[in-house]
Number of protein chains: 2
Amino acid sequence: FLSVTKMATDDYVGFTFFVGCMAMLAASVFFFLSMSSFDKKWRTSLLVSGLITFIAAVHYFYMRDYWAAFEESPTFFRYIDWVLTVPLMCVEFYLILKVAGAKKSLMWRLIFLSVVMLVTGYIGEAIDPANAQIWGLASGIAYFVIVYDIWLGTAKKLAVAAGGEVLKAHKALCWFVLVGWAIYPIGYMAGTPGWYDGIFGGWDLNIIYNIGDAINKIGFGLVVYNLAVQSTTSAA
Amino acid sequence: FLSVTKMATDDYVGFTFFVGCMAMLAASVFFFLSMSSFDKKWRTSLLVSGLITFIAAVHYFYMRDYWAAFEESPTFFRYIDWVLTVPLMCVEFYLILKVAGAKKSLMWRLIFLSVVMLVTGYIGEAIDPANAQIWGLASGIAYFVIVYDIWLGTAKKLAVAAGGEVLKAHKALCWFVLVGWAIYPIGYMAGTPGWYDGIFGGWDLNIIYNIGDAINKIGFGLVVYNLAVQSTTSAA
Ligand SMILES: CC1=C(/C=C/C(C)=C/C=C/C(C)=C/C=O)C(C)(C)CCC1
Ligand SMILES: CC1=C(/C=C/C(C)=C/C=C/C(C)=C/C=O)C(C)(C)CCC1
């Protein structure tokens, strides 16, 4: 038997942890098992999409149970999850643009920036919350450099060169980074003290992060899935 | 529900155990699921790469929870893991060089040396730490024979005979053994008493071992993966 605890019917944070957990697991099965339906060149991208949701599924199990046991933010697990999945998303950008001749250096730059973004965010949220504003700003700068790079920098040029479905997919992923990822700084502001207390003071950081994760991890993967579907159909 | 314990936000050893655990699991899924995209002759190598990270993932689960429960080095699990995975890495060398006519005797010699290296290391670390220096020296000698064998001995000659991508992959693996594996003796010196106390005294053995494992197990596997990718592309 599993050790099930009672859940309050109005524990909305717990609710989003549960839904998130199952959604991530289901998405992983979906991406993994659909791999074989596509041309070899898309399989790695789908595999990485599945890994992102799979890693998240495992951490959601922990976070859900951590929340159920202590009613406390599982910040530790949250960032472990991000530090693995966000770099994988950068790999995804690279994989998609590889057909247009993307270099590994692009991938490493994005990975480096995302790690800077997350490490400074973790320090602000968990280690030095008194200076959360400053750490958040540093993190935000790294975030903006990523946005710049994919929207206007090298990555953008490669996507234009590739054209067609790849360009469309790249653009969709860019929107995820610009709008979807912007959910996280809101969660951060809701959960740390700063000038923004008056705006996001009463919100719950975990609900915001959970919604963000569902949109970004599963949505990101679906864009890649769609790219594989479209290119397979148009080639046929 | 899982029995989750609280994690201190500054428990960096615990952090590396968690990240390591998940990274190994994700890497295993990656290697296992990418097998089918490659030519049959590379599948066994990828399978072995996946086994190495999979075995590590299981032990990281134990080590992580051991650490969380007792804040003590899980030396026992650490060496169980190594005594299984390091010989598998020796198998990997053999598998790659098989195309160039490597003999099983090469594989067995490397396996034997690696077991000597690990058994003497375990005695020094866990059973007779008073003589850690001597056991470490014995272990180090076995390590150097391995390095010699792959860099300059039989294995090297076979790699040169094979040429092309195999030679490149062999060279990359050689660098892992020379530089990546050298991380472990540093951890050993940080964790045992000896003349080297002044140098590595304050370092934490587990963080060092965890970083070493992440680099060596996953990196090693990625070299093999890359070899499969390259030979598949160039064949097409
Ligand atoms: C800018 C910024 C942040 C950005 C976090 C982001 C962008 C996280 C993205 C996570 C993803 C995409 C996970 C899904 O897999 C932090 C660290 C909250 C700190 C405050 C400033
Ligand atoms: C030389 C030496 C050691 C070497 C250990 C090594 C080289 C371990 C490699 C482990 C790997 C590669 C695991 C990854 O799967 C010990 C035993 C610490 C003892 C001190 C001297």
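The structure this text deals with has already been given above.
Asker: Kindly report on the interface of chain A and chain B, identifying the contributing residues and their values.
Answerer: The interface of chain A with chain B comprises 33 residues on the first partner and 27 residues on the second. The contact between chain A and chain B buries some 2700 Å² in all, and 75% of this surface belongs to carbon and sulfur atoms. One can count 0 salt bridges joining chain A with chain B. Inspection of the region where chain A meets chain B yields 1 residue pair in polar contact (both at pLDDT 80 or more). Looking at the side of chain A that touches chain B, the elements that each hand over two or more residues are α1 (12-34), α2 (40-70), α3 (75-97) and α4 (104-127) of chain A.

Asker: Let's hear about the packing of aromatic side chains: which residues, and what values?
Answerer: Evaluation of the coordinates by the stated rule reveals 48 aromatic pairs over all chains. Taken together, A:Y62, A:Y66, A:F70, A:F76, A:F77, A:Y79, A:W82, A:Y122, A:Y184, A:Y209, B:F15 and B:F18 form an aromatic cluster joined through their ring pairs. When the ring centre of A:F18 is taken as reference, the NZ or CZ atom of A:R64 above it lies at 4.3 Å.

Asker: How would you explain the site of ligand 2 if you had to name every residue and give the values?
Answerer: Residues and elements named next belong to chain B. In the neighbourhood of ligand 2, 18 residues make up the surrounding shell, with T85, M89, S139, Y184 and K217 lying closest. T85 places a polar side-chain atom, nitrogen or oxygen, 3.4 Å from an oxygen atom of ligand 2. Between ligand 2 and the protein, one listed contact pairs an oxygen atom with a side-chain N or O atom of K217 at 2.9 Å. Burial of ligand 2 by the surrounding chains reaches 98%, relative to a free accessible area of 540 Å². At the level of secondary structure, the elements contributing two or more residues to the shell around ligand 2 comprise α3 (75-98), α4 (104-127), α5 (132-151), α8 (183-191) and α10 (205-235). Per element, the largest residue contribution to the shell around ligand 2 is 5 residues, and it comes from α3. Residues belonging to the shell around ligand 2 are distributed by class as follows: 11 nonpolar, 5 polar and 2 charged.

Asker: I'd like a description of the side chain of A:D81, backed by residues and values.
Answerer: All names here are of chain A. By the element assignment, D81 lies in helix α3. A distance of 2.6 Å separates a polar atom in the side chain of D81 from a polar atom in the side chain of K217. If sequence neighbours within four positions are ignored, D81 has contacts with I55, A56, H59, D213 and K217.

Asker: Just give me the short version of the site of ligand 1, but keep the residues and values in it.
Answerer: Residue and element names in this part refer to chain A. Surveying the vicinity of ligand 1 reveals 18 residues, the closest of which are T85, M89, S139, Y184 and K217. At 3.4 Å from an oxygen atom of ligand 1 is found a side-chain nitrogen or oxygen belonging to T85. Contact distances for ligand 1 include 2.9 Å between an oxygen atom and a side-chain N or O atom of K217. Across the complex, the protein chains shield 99% of the 540 Å² of accessible surface that ligand 1 would expose by itself. Breaking the shell around ligand 1 down by element, the ones donating at least two residues are α3, α4, α5 (132-151), α8 (183-191) and α10 (205-235). Residue contributions to the shell around ligand 1 peak at 5 residues, all from α3. By residue class, the composition of the shell around ligand 1 is 11 nonpolar, 5 polar and 2 charged.

Asker: Go over the environment of A:L97 with me, naming the residues and quoting the values.
Answerer: Residue and element names in this part refer to chain A. Its place among the elements puts L97 in helix α3. Residue L97 is classed as buried on the basis of its relative accessible area of 0%. Taking the C-alpha atoms as reference points, L97 and M22, separated by 75 residues in sequence, lie 31 Å from one another.

Asker: Can you explain the relation of the copies chain A and chain B? Please cite residues and give values.
Answerer: Mapping chain A onto chain B is achieved by rotating through 74° and translating by 0.4 Å along the same axis, at an RMSD of 0.1 Å. Such a combination of turn and shift is consistent with a five-fold rotation axis. Measuring from the rotation axis to each C-alpha of chain A, the shortest distance belongs to A:L2, at 6.7 Å.

Asker: Let's hear about the nonpolar core: which residues, and what values?
Answerer: In terms of nonpolar packing, the biggest core is built from 166 residues, with A:F77, A:L97, A:V177, A:W181, B:L97, B:V177 and B:W181 touching the most fellow members. Leave out the neighbours within four places in its chain, and A:F77 touches A:H59, A:Y62, A:M63, A:Y66, B:V4, B:M7 and B:F18.

Reading guide: rules and limits
Residues numbered from 1 in each chain as written. Chains lettered and ligands numbered in written order. Predicted model: local features only at pLDDT ≥ 70, side-chain atom pairs only at ≥ 80, totals over all residues. Heavy atoms only, no water. Contact = heavy atoms within 4.5 Å. Buried area = accessible area lost by both parts, 1.4 Å probe. Salt bridge = Lys/Arg side-chain N within 4 Å of Asp/Glu carboxyl O. Polar contact = N/O pair within 3.5 Å; in protein donor to acceptor, adjacent residues only side chain to side chain. Helix = DSSP H or I, 4+ residues; strand = E, 2+ residues; numbered from the N terminus. Phe/Tyr/Trp six-rings, centres within 6.5 Å; stacked < 30°, edge-to-face > 60°. Lys NZ or Arg CZ within 6 Å of the ring centre and 35° of its normal. Near = heavy atom within 4 Å. Areas by Shrake-Rupley, 256 points an atom, 1.4 Å probe, with all protein chains shown as cover. Nonpolar A, V, L, I, M, F, W, Y, C, P; charged D, E, K, R; others polar. Buried < 20%, exposed > 50% of the residue type's maximum accessible area, 1.4 Å probe, protein only. Least-squares fit on C-alpha atoms with pLDDT ≥ 70 in both. Core = buried A, V, L, I, M, F, W, Y, C linked by side-chain atoms within 4.5 Å.

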